[in-house]
Amino acid sequence: MASEQAPLESPLPLSKYSKRVILKSIVSRPDGGLGLVGQRVVVGGWVKSSREFRKEPLPMVQPAHNIGGPKDFTCVEVLQSKLPFFRSIIKVFGGETRNLRDKLDAIIPKPPPQPSISILQVSDGSCVSSLRILVDSSLAHPSHVMPTGSCILVEGILQKPSLQDNKEVIELKTEKVLHIGTVDQDKYPLSKKRLPLESLRDSTHFRPRTTTVASVMRIRDGLTQGIYTFFQENEFVYVQVPIITSTNNCEGIGNKNFQVTTLLLDDQEKDEYKTEGVKLETIKASIKEKNKKIEELGRTESNKEALAVAIHDLKKTNELVSQLEANEQRRKHGGKIVQNSEDFFSCKTYLTGSGRMHLESYASALGNVYSFGPRFRAERSDSRKLLAEMWSVEIEMAFSEIEDSMECAIDFLKFICKWILENCTEDLKFVSKRVDKLVVDRLQSIALGPIEKISYTEAVEVLKQAPDGKFETKVEWGVTLNEEHESYLAEEIYKKPVIIYNHPKETKPFYVRSNDDGKTAAAFDVIVPKVGALIRGSQNEERFNMLSTRMKELGVKKEEYEWYLDLKRHGAVKCSGFSFLIDPLVLYSTGLNDVRDAVPFPISFGKAVN
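Quick caveat, the model's predicted, so the values are computed rather than measured.

Calculation notes
Here the residue numbering is sequential within each chain, running from 1 through the sequence in written order. Given that the model is predicted, a residue must reach a pLDDT of at least 70 before its local features are reported, and side-chain atom pairs must reach 80 or more before they are shown or counted; all residues, however, enter totals for whole chains, interfaces and linings. Hydrogens and water molecules were not included; the side-chain quantities draw on all heavy atoms of the structure. Helix numbers and strand numbers start at the N terminus; a helix is a DSSP run of H or I with at least 4 residues, a strand a run of E with at least 2. Per-residue accessibility, obtained with a 1.4 Å probe over protein chains only, is compared with the maximum for each type, and a residue is labelled buried under 20%, exposed over 50%, and partly exposed between these values. Contacts are residue-level and defined by heavy atoms, with any inter-residue pair within 4.5 Å sufficient. Working definition of accessibility: Shrake-Rupley area with a 1.4 Å probe, residue cover restricted to the visible protein chains. For this analysis, a salt bridge means a side-chain nitrogen from Lys or Arg found within 4 Å of a carboxyl oxygen belonging to Asp or Glu. The pairing criterion is simple: DSSP has to find at least two bridges between the two strands. Each aromatic pair joins two rings of Phe, Tyr and Trp (for Trp, the six-membered one) with centres within 6.5 Å, and gets the label stacked for planes under 30 degrees apart, edge-to-face for over 60, and tilted for any other angle. Both a distance and an angle decide whether a charge sits over a ring: NZ of Lys or CZ of Arg must be within 6 Å of the ring centre and within 35 degrees of the ring normal. The quantity known as pLDDT measures the predictor's confidence residue by residue, on a range of 0 to 100. In this text, buried Ala, Val, Leu, Ile, Met, Phe, Trp, Tyr and Cys residues form a nonpolar core when linked through side-chain atoms within 4.5 Å. Only the contacting stretch of a helix is used when fitting its axis, a line to C-alpha atoms as for every element, and angles between N-to-C directions run 0 to 180 degrees. In these notes the angle categories are as follows: under 35 degrees is roughly parallel, over 145 is roughly antiparallel, 65 to 115 is roughly perpendicular, and the rest is oblique. Classes in brief: Ala, Val, Leu, Ile, Met, Phe, Trp, Tyr, Cys and Pro nonpolar; Asp, Glu, Lys and Arg charged; the others, Gly included, polar. Two joining distances apply to patches: 9 Å for like charges and 5 Å for nonpolar side chains (Val, Leu, Ile, Met, Phe, Trp, Tyr), and every residue must have over 30% relative accessible area and no salt bridge. The term polar contact refers here to a pair of N or O atoms within 3.5 Å; inside protein, the definition further demands a hydrogen-donor-capable atom paired with an acceptor-capable atom, and it admits residues adjacent in sequence only when both atoms are side-chain atoms.

**As for the overall build of the protein chain**
Assigned secondary structure in the protein chain consists of 18 helices and 16 strands. Relative to its full complement of 610 residues, the protein chain shows a buried share of 41%. For the protein chain, restricting intrachain contacts to residue pairs at least 6 apart in sequence, the fraction spanning at least 24 positions comes to 71%. Roughly 35200 Å² of accessible area belongs to the protein chain as shown, and the carbon and sulfur atoms make up 53% of that amount.

**What to know about the pattern of salt bridges**
Close approach of charged atoms lets side chains of opposite charge pair. Summed over the entire model, instances satisfying the criterion amount to 30 salt bridges. Measuring nitrogen to oxygen at the nearest pair gives 3.3 Å for the salt bridge that ties Glu155 to Arg40. Taken together, the residues span a long stretch of sequence, with Glu155 in strand β4 (residues 151-159) and Arg40 in strand β1 (residues 40-54) at a distance of 115 residues. For Glu155, a relative accessible area of 18% gives the class buried. Overlapping salt bridges, with partners in common, bring together Arg201, Arg207, Asp594, Arg596 and Asp597 in one network.

**Digging into the sheet that holds strand β8 (residues 259-260)**
Hydrogen bonds between backbone groups are what pair the strands of a sheet, and the pairing can be parallel or antiparallel. If you trace the three strands from one edge of the open sheet to the other, you get β7-β9-β8, paired in antiparallel fashion. Only two strands of the sheet have a single neighbouring strand rather than two, namely β7 (244-245) and β8. Pairing analysis gives two bridges linking β7 to strand β9 (residues 349-351), with the strands arranged antiparallel. Directly across from Thr245, in β9, lies its bridge partner Tyr350.

**Looking at the packing of aromatic side chains**
The relation between two aromatic rings is expressed through the spacing of the ring centres and the mutual angle of the planes. If you walk through the whole model with that rule in mind, you get 22 aromatic pairs. Look at Tyr456 and Trp477: their rings are 5.5 Å apart centre to centre, the planes differ by 85°, and that puts the pair in the edge-to-face class. One end of the pair, Tyr456, is in helix α14 (residues 456-464); the other, Trp477, is in the loop between α14 and α15 (483-493), with 21 residues separating them in the sequence. We note Arg442 situated over the ring of Tyr588; from NZ or CZ to the ring centre the distance is 5.5 Å.

**Describing the confidence of the model for the protein chain**
Confidence along the protein chain averages 85 in pLDDT terms, with 81% of residues attaining 70 or more. Predicted confidence in the protein chain is weakest over helix α7 (residues 267-274), with a mean pLDDT of 48, and strongest over strand β6 (residues 237-238), with 98. Predicted confidence for residues 1-6 stays below pLDDT 50, and this span has zero contacts to residues more than four positions away or in other chains.

**Looking at the nonpolar core**
Counting 54 residues, the largest nonpolar core has Ile227, Phe231, Ile395, Phe524, Phe578 and Phe580 as its most contacted members. Discounting chain neighbours no more than four positions away, the residues touching Ile227 are Phe372, Val393, Phe412, Ile416, Phe580 and Ile582. Grouped together as the second largest cluster of nonpolar side chains are 23 residues, Leu12, Ile26, Val145 and Ile170 included.

**Comments concerning the sheet that holds strand β3 (residues 131-136)**
Within the closed barrel, the five strands sit side by side as β1-β2-β3-β5-β4. Their pairing is mixed. The mean angle between the axes of side-by-side strands here comes to 55°, regardless of whether they run parallel or antiparallel. The sheet contact formed by β3 and strand β5 (residues 171-181) spans three bridges and is parallel. Its bridge partner lying in β5, Leu134 is registered against Lys173.

**Some remarks on helix α18 (residues 582-590)**
Across the nine residues of α18, nine count as buried, placing the element largely inside the fold. Residue Gly591 follows α18 closely and has a positive phi angle near 85°.

**Quick word on the packing of helix α16 (residues 544-554) against helix α17 (residues 562-569)**
Put simply, α16 and α17 touch, their axes get as near as 9 Å, and they point 155° apart. For the element pair α16 / α17, the angle class is roughly antiparallel. Note on element contacts: α17 touches α16 through Tyr564, Leu565, Lys568 and Arg569, opposite Phe544, Leu547, Ser548 and Met551. Taken together, the residues that form the contact of α16 with α17 break down as five nonpolar, one polar and two charged.

**Notes on the environment of Ala365**
Structurally, Ala365 can be placed in helix α10 (residues 356-366). Residue classification places Ala365 among the exposed positions, given a relative accessible area of 65%. On a C-alpha basis, the gap between Ala365 and Val573 in space is 9.9 Å, while along the polypeptide they are 208 residues apart.

**Some points on a nonpolar patch on the surface**
A cluster of nonpolar side chains, Val237, Tyr362 and Leu366, forms an exposed patch at the surface whose accessible area comes to about 270 Å². On the basis of relative accessible area, Tyr362 is assigned to the partly exposed category, the value being 45%.

**Here we look at the side chain of Glu542**
Looking at the element boundaries, Glu542 is found in the loop between β15 (532-539) and α16. Take Glu542: its relative accessible area is 13%, and that puts it in the buried class.

**Looking at the environment of Thr261**
Mapped onto the fold, Thr261 is located in the loop between β8 and α7. Distance from Thr261 to Asp343, taken between C-alpha atoms, is 6.5 Å for residues 82 residues apart in sequence. A polar contact is formed between the side chain of Thr261 and the backbone nitrogen of Leu263, at a distance of 3.1 Å.

**Looking at the pairing of β15**
Judged by how many residues are buried, β15 sits mostly within the fold: seven of eight residues are covered. As defined by bridge partners, strand β14 (residues 520-528) adjoins β15 across six bridges and the pair is classed as antiparallel. From the neighbouring strand, Asp525 faces β15, where its bridge partner is Arg536. Counting the residues in the hairpin turn of β14 and β15 gives three residues, including Lys530, whose phi is positive at 85°.

This is the structure in structure tokens:
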């Protein structure tokens, strides 16, 4: 009677666009993939670690002999048996045995290499866990598949572990190798194990292959999906705002924006820069010396190469003189005056620091809107929490006041933290073990716990009670609360997220609505322990006269904001909203301490991406 076997599960689905099985569908099952034993699959990924298992050497196959008959010997066997005798004779006559050995090695066949199995831990980036893959040396040489970072695509059978190490639930026995991407171990930066995150910042194109960075990026992806889900469920309309804009410094007082121009790419500008500080008379004098040298070299044909070099040098020097003379002529005529009309755009343009003003124009027509994208700040800072390019979510809501915006900010933050807890379980478990064991507790404290709300005036009073010397910046009413003040309130006083509202109007942008007290503005900040300010929001000024007065007080040029003033002239509506920084929340959710490790390609002061 045949033994009864459990029926095999239906074949695993292939990835729609790569014709392979994603490893997550195997190793992240509740049973670890055990129920898939016997299935044939195609998988691919990159080698995380490897080792080699050597088989017993193959026995020598002896030719069949007639029983009782004389034994036959091959020529090779005769040579091998007489080799010591030949060496002895050559030594007696003073000969070299090396040549003989080389000749005999060429004649006598070498034994085949010892067969082995490459045991690979392979990840395709779909999850934290990797899959053990066994590759026989008859299918691929171990030196090709074992180095860390090697890429393989193989077809094989899923089976129970063949090695008694109790580390794996399932493994793949390779039957066919479909692709191998080798690496140069001497140059591949991830050849060493457990590299610190700081050393990986110079290899942003390779670091997602590390388990830690891969987990961080999947958590970041989960956060992004949660953002879109929240706004879709609450019927917000997604609007793309411009990255290049003529609106400067719209984020706040004192912030600097990157200016966009094509003039610096002009060849003439490059030439003027290269020749700056070079005297024309000096160059002309050197031409006479170079001509003399060419004449001397031309009298003899002994050094044609030196003559060719000298002629080339003279040509370059003459070109430099021409450039200097042209620059001199421009200076005599008053020099070159750069006009915006010569640039790509007819006016000054910048990389946007905020999209809220542009969003307000769409909120004034569509109701509730949001945007998601990069925002730029040209601050010469080496802060671990800020970059030159940071990703931000911005919202604007029509018929909305500051209380509505604060409520939306709280709901949004709680929703995102809950979403990460529910949808990034495996990666949170990994970073809790590898980076910071408190990440889950912190997310739960926001998702389920209360958030403190205090006015700016109350915050100043609390800060004044701090011990002497606690802060580098003296605390008094009217100053902008900086990072050390915000961290003290959230981490040491309230020990939970804090909303600070009604800030002095001098510390906020011109478009923020002035309160009735004439001193404060309807603005708020959401401060979170460990990372500081995550959200900054406000109610915008809808009163045309008040907005005009505020612009005059701050010296804002009205002609640059006529389009924004038009919103207040025609069908003005109360609007409020906020900006939410993605990158610091990734720090909060992963336990990392530097934002440069939380974004795919960090751009900071003095450091651009590849």
